[in-house]
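Here are the chains, one letter per residue:
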Amino acid sequence: MSLVKNIDFNKGDGLAPVIVQDTKTLEVLMLGYMNEESFIKTENEKKVTFFSRSKNRLWTKGEESGNFLLVDSIAIDCDKDTILIKANPVGPTCHTGSRSCFFTEYNQNFIFELENIITDRFENPTESSYVNKLRNKGLNKIAQKVGEEGVETVIAALAETEKDFINEASDLVFHLLVLLKAKGLSIKDIAKNLESRHQ
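Residues numbered from 1 in each chain as written. Predicted model: local features only at pLDDT ≥ 70, side-chain atom pairs only at ≥ 80, totals over all residues. Heavy atoms only, no water.

In the nomenclature of an unreviewed UniProt entry, the protein chain corresponds to Histidine biosynthesis bifunctional protein HisIE from the organism Pseudopedobacter beijingensis. Here is the UniProt Subcellular location (unreviewed entry) comment for the protein chain, exactly as written: "Cytoplasm". (UniProt positions renumbered as here; feature names shortened; annotations may be inferred.)

As structure tokens, this is what we get:
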């Protein structure tokens, strides 16, 4: 069933703002606008299609570059005048070649991206992959590595430089992500658990 009836396009003179997020990393990729026609086209074709205010026509993101935004999910805000789309980007989103139209200092959601890389290494193993080598050694070795990195992180925090501490903490997080994957879990499971504890 279409969500178009749930959107009040009249508030924006026929247009509603659309925030597009990367479905895997949750990074905000871009902001655009939709009218009713472009929203229905987006729903039907599963490719994000905006109404271009400068061109005064429908515009499917990637129609010229091939860098489409493939729709994963659509949500409408509580005021029924803003749209959130989670999408899988095909190539960079920005016309400048950047992954996002927002030039943030760094990819603040890189941990999610790293988790996706680890998943890919599990599903498409190559001999040269460190993750694959670690996986082949089994769960006990992966868990052992998390323990080792935990100890090294503590030592660095107490007796080494800030750079050393950051490096060791990064190793710890990386190996914890590998362990989560080996156990069939993800960082989302941890986030949900932490959220439930906070309530």
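(A) Region of interest: the UniProt feature "domain: Phosphoribosyl-AMP cyclohydrolase" (unreviewed entry) in the protein chain. Sequence positions flagged by UniProt for "domain: Phosphoribosyl-AMP cyclohydrolase" (unreviewed entry) are, in local numbering, residues 30–103. Across residues 30–103, helical content stands at 14% and strand content at 38%; the span's end C-alpha atoms are separated by 11 Å. (Helix = DSSP H or I, 4+ residues; strand = E, 2+ residues; numbered from the N terminus.)

(B) Examining the pattern of salt bridges more closely. As enumerated under the stated definition, the model contains seven salt bridges in all. Residues glutamate 63 and arginine 57 are paired through a salt bridge, measuring 3.1 Å at the closest nitrogen-oxygen approach. Arginine 57 sits in the partly exposed class, given a relative accessible area of 33%. Between arginine 121 and aspartate 120 there is a salt bridge whose closest N-O contact spans 3.6 Å. Note on arginine 121: relative accessible area 32%, which makes it partly exposed. The exposure class of aspartate 120 is partly exposed, given its relative accessible area of 33%. (Salt bridge = Lys/Arg side-chain N within 4 Å of Asp/Glu carboxyl O. Buried < 20%, exposed > 50% of the residue type's maximum accessible area, 1.4 Å probe, protein only.)

(C) Molecular detail of the packing of helix α2 (residues 110–123) against helix α5 (residues 162–182). Remark: α2 packs on α5, axes separated minimally by 10 Å, with the N-to-C direction vectors making an angle of 50°. Considering their axes alone, α2 and α5 lie oblique with respect to each other. Handedness of the α2/α5 crossing: right-handed. Side by side, α2 and α5 meet where Ile111, Leu114, Glu115, Ile118, Thr119, Phe122 and Glu123 of the first sit next to Val173, Phe174, Leu177, Val178, Lys181 and Ala182 of the second. Across the contact of α2 with α5, the residue classes tally to nine nonpolar, one polar and three charged. (Axes fitted to C-alpha atoms, helices over the stretch in contact; angles between N-to-C directions. Parallel < 35°, antiparallel > 145°, perpendicular 65-115°, else oblique. Left-handed = near helix turned anticlockwise from the far one by under 90°. Contact = heavy atoms within 4.5 Å. Nonpolar A, V, L, I, M, F, W, Y, C, P; charged D, E, K, R; others polar.)

(D) Main features of the pairing of strand β3 (residues 49–52). Burial along β3 is two-sided: Thr49 and Phe51 and Phe50 and Ser52, pointing in opposite directions, are all buried. In the sheet, β3 pairs with strand β4 (residues 57–60) via four bridges, with the strands oriented antiparallel. Looking at the pairing, serine 52 lines up with arginine 57 of β4. If you look at the hairpin formed by β3 and β4, you'll find four residues sitting between the two strands, and asparagine 56 has a positive phi there, around 55°. (Pairing = 2+ DSSP bridges.)

(E) A look at the state of the cysteines. According to the stated counting rule, one finds zero disulfides in the structure shown. There is no disulfide at cysteine 94, and the cysteine sulfur nearest it, in cysteine 101, is 4.1 Å away. (Disulfide = S-S within 2.5 Å.)

(F) Layout of a nonpolar patch on the surface. On the surface, Ile19, Val28, Leu31 and Phe102 cluster together into a nonpolar patch covering about 310 Å² of accessible area. The topology assignment puts leucine 31 in strand β2 (residues 28–34). (Patch = residues over 30% accessible without salt bridge, like charges linked within 9 Å, V, L, I, M, F, W, Y side chains within 5 Å. Areas by Shrake-Rupley, 256 points an atom, 1.4 Å probe, with all protein chains shown as cover.)

(G) Molecular detail of the layout of surface pockets. In this structure, the largest pocket encloses a volume near 260 Å³. As for the largest pocket, its lining consists of 14 residues, of which Trp59, Lys61, Thr93, Cys94 and His95 are closest to the centre. (1 Å grid on protein atoms, 1.4 Å probe; cavity = no way out; pocket = protein on both sides within 12 Å on 5 of 7 lines; lining within 4 Å. Points joined across faces, edges and corners; volume = space filled by probe spheres on them.)

(H) Seen up close, the nonpolar core. Core analysis: the biggest nonpolar cluster contains 17 residues, and Val20, Met34, Val48, Ile83 and Ile85 have the highest contact counts within it. Secondary-structure elements contributing two or more residues to this core are β1 (16–22), β2, β5 (69–76) and β6 (83–89). In terms of nonpolar packing, the next biggest core, distinct from the first, is built from twelve residues, Phe122, Val131, Phe174 and Leu180 among them. (Core = buried A, V, L, I, M, F, W, Y, C linked by side-chain atoms within 4.5 Å.)

(I) Layout of α5. With 21 residues, α5 extends 30 Å from end C-alpha to end C-alpha; this agrees with the ideal 30 Å at 1.5 Å per step. Tucked into the core, α5 has its buried residues touching α2, α3 (130–136), α4 (139–159) and α6 (187–198). Backbone geometry just after α5 places glycine 184 at a positive phi near 75°. (Expected span 1.5 Å × (residues − 1).)

(J) Representation of helix α1 (residues 36–45) in the model. Listing the buried residues of α1 in full gives Ser38, Phe39, Thr42 and Glu43. Seen end-on, α1 carries its buried residues on one side only, within an arc spanning 140°. In α1, the exposed residues that point more than 90 degrees away from the buried face are Glu37 and Asn44. Structurally, α1 contributes buried residues whose contacts are with β2, β3, β4, β5 and β6. Phi turns positive one or two residues past the end of α1, at lysine 46, with a value near 60°. (Arc of directions from axis to C-beta.)

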